[in-house]
Amino acid sequence: MRRAVALAAVVASVAGCRPAASPPPAHAEAATTSLTEGAALDEAVAEEEEDDDDELRLEEGRMGKRERARAEPPILIAHNRVRAEHCAEPLTWSDDLAAEATAWANQLAATGCAFQHSRSNHGENLAAGTSGALDADAVVAMWAGEEEKYDYRRAAFGMNTGHFTQVVWKDTLAVGCGVATCAGRDTWVCNYDPPGNVEGDFALNVAPRGCR
């Protein structure tokens, strides 16, 4: 087993009534009975079709949910799992942000496996580790783990907690990530919009677990 080396940087019918009269001929009574049975049969068929339609809609809903889950990148799911614990709305995936993050990850790989922030106008989190050792869940878990160092009473930016605060920042709406490999090391880049870690807004945007 390889030992991971990791770094981190700064979701009714109506019945008719007629007066009593002489008994209708047998054929009329039979006709009336036949119509009544037919109406009951039609109603039963209609109810069955309605039940089938309801079941079809439920199944389509379940299928749609599964399809959406399959379509969501694992790193988006990991972000939103952490955000839910801090009462932050789920992020949406941005292909544009992902393309930008991937381009920067590739550039870092192409320049001697560098590890530094871009000059993007978006929020940005970086992580790096031995190739294959860090998956999407591990990357987000590493960033989220900085919470243990975050002082909610002070509610301000910290170099050792900035990744966590960006992940759970309530005003951030979208994320896009990319990863590149260089010399046996994976470098992950995630971009956020709007960016988090805005001075003066930490108390409103970073809530503790359980949102106390």
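Bear in mind that the values here come from a model prediction, so they are computed numbers and not experimental data. (Residues numbered from 1 in each chain as written. Predicted model: local features only at pLDDT ≥ 70, side-chain atom pairs only at ≥ 80, totals over all residues. Heavy atoms only, no water.)

To continue, consider the overall build of the chain. A tally of helices and strands in the chain yields six helices and five strands. Taken from N to C terminus, the helices and strands of the chain fall in the order β-α-α-β-α-β-α-α-β-β-α. Accessible surface for the chain amounts to roughly 13,300 Å². Of this, 55% is attributable to carbon and sulfur atoms. (Helix = DSSP H or I, 4+ residues; strand = E, 2+ residues; numbered from the N terminus. Areas by Shrake-Rupley, 256 points an atom, 1.4 Å probe, with all protein chains shown as cover.)

Before going further, it helps to spend a moment on the state of the cysteines. Put plainly, two cysteines are in a disulfide when a covalent bond ties their sulfur atoms together. Using the criterion set out here, one finds two disulfides in the structure. Cys 113 shares a disulfide with Cys 182; S-S distance 1.7 Å. Here the S-S torsion is close to -70°, and the disulfide linking Cys 113 with Cys 182 is therefore left-handed. Of this pair, Cys 113 sits in the loop between helix H3 (95–110) and strand S3 (123–130) while Cys 182 sits in strand S4 (residues 174–182); the two residues are 69 residues apart in sequence, bridging distant segments of the chain. (Disulfide = S-S within 2.5 Å.)

Moving on: the packing of aromatic side chains. Tallying each qualifying case throughout the model produces three aromatic pairs. Summarising the aromatic geometry, the rings of Tyr 150 and Tyr 152 are spaced 4.9 Å apart at their centres and angled 85° between planes, so their arrangement reads as edge-to-face. Exposure remark for Tyr 152: the relative accessible area of 27% places this residue in the partly exposed category. Grouping aromatic residues by their ring pairs yields a cluster made of Tyr 150, Tyr 152 and Phe 164. (Phe/Tyr/Trp six-rings, centres within 6.5 Å; stacked < 30°, edge-to-face > 60°. Buried < 20%, exposed > 50% of the residue type's maximum accessible area, 1.4 Å probe, protein only.)

Any two side chains of opposite charge can pair if their charged atoms end up close together. Counted according to the given criterion, the structure contains four salt bridges. The partner of Arg 81 in a salt bridge is Asp 137, with the nearest N and O atoms 3.5 Å apart. Within this pair, whereas Arg 81 is found in helix H2 (residues 74–85), its partner Asp 137 is found in helix H4 (residues 136–144), the two being separated by 56 residues in sequence. Take Arg 81: its relative accessible area is 46%, and that puts it in the partly exposed class. Its relative accessible area of 39% is what places Asp 137 among the partly exposed residues. For Glu 147, the salt bridge is made with Arg 209, and the minimal N-O distance between the two is 2.9 Å. Of the two residues, Glu 147 is situated in the loop between H4 and helix H5 (162–168) and Arg 209 in the segment after helix H6 (202–205); the sequence distance between them amounts to 62 residues. Residue Arg 209 is classed as partly exposed on the basis of its relative accessible area of 41%. Through salt bridges with shared partners, a single network forms among Glu 85, Glu 147 and Arg 209. (Salt bridge = Lys/Arg side-chain N within 4 Å of Asp/Glu carboxyl O.)

Here the residue pair Asp 193 and Pro 194 is connected by a cis peptide bond, since its omega of -10° sits within 30 degrees of zero. If you check the backbone angles, Asn 197 has positive phi at about 60° while not being a glycine. With respect to the helices and strands, Asn 197 occurs in the loop between strand S5 (185–193) and H6.

Quick look at the environment of Gly 200 now. Along the chain, the position of Gly 200 falls in the loop between S5 and H6. For the pair Gly 200 and Ala 156, spaced 44 residues apart in sequence, the C-alpha to C-alpha distance is 7.3 Å.

A few words now on the side chain of Gln 166. With respect to the helices and strands, Gln 166 occurs in helix H5. Its relative accessible area of 2% is what places Gln 166 among the buried residues. In contact with Gln 166, not counting residues within four places along its chain, are Gly 123, Asn 125, Thr 172, Tyr 192, Pro 195, Gly 196 and Asn 197. (Contact = heavy atoms within 4.5 Å.)

Turning to the confidence of the model for the chain, a few remarks are in order. On average, the chain scores 81 in pLDDT, and the residues at 70 or more come to 69%. In the predicted structure, residues 1–7 sits below a pLDDT of 50 and forms 19 contacts with residues beyond four places in sequence or in another chain. Across residues 9–36 the pLDDT falls below 50, and counting only partners more than four positions away or on other chains, this stretch makes 16 contacts in the model. (pLDDT = per-residue confidence, 0-100.)

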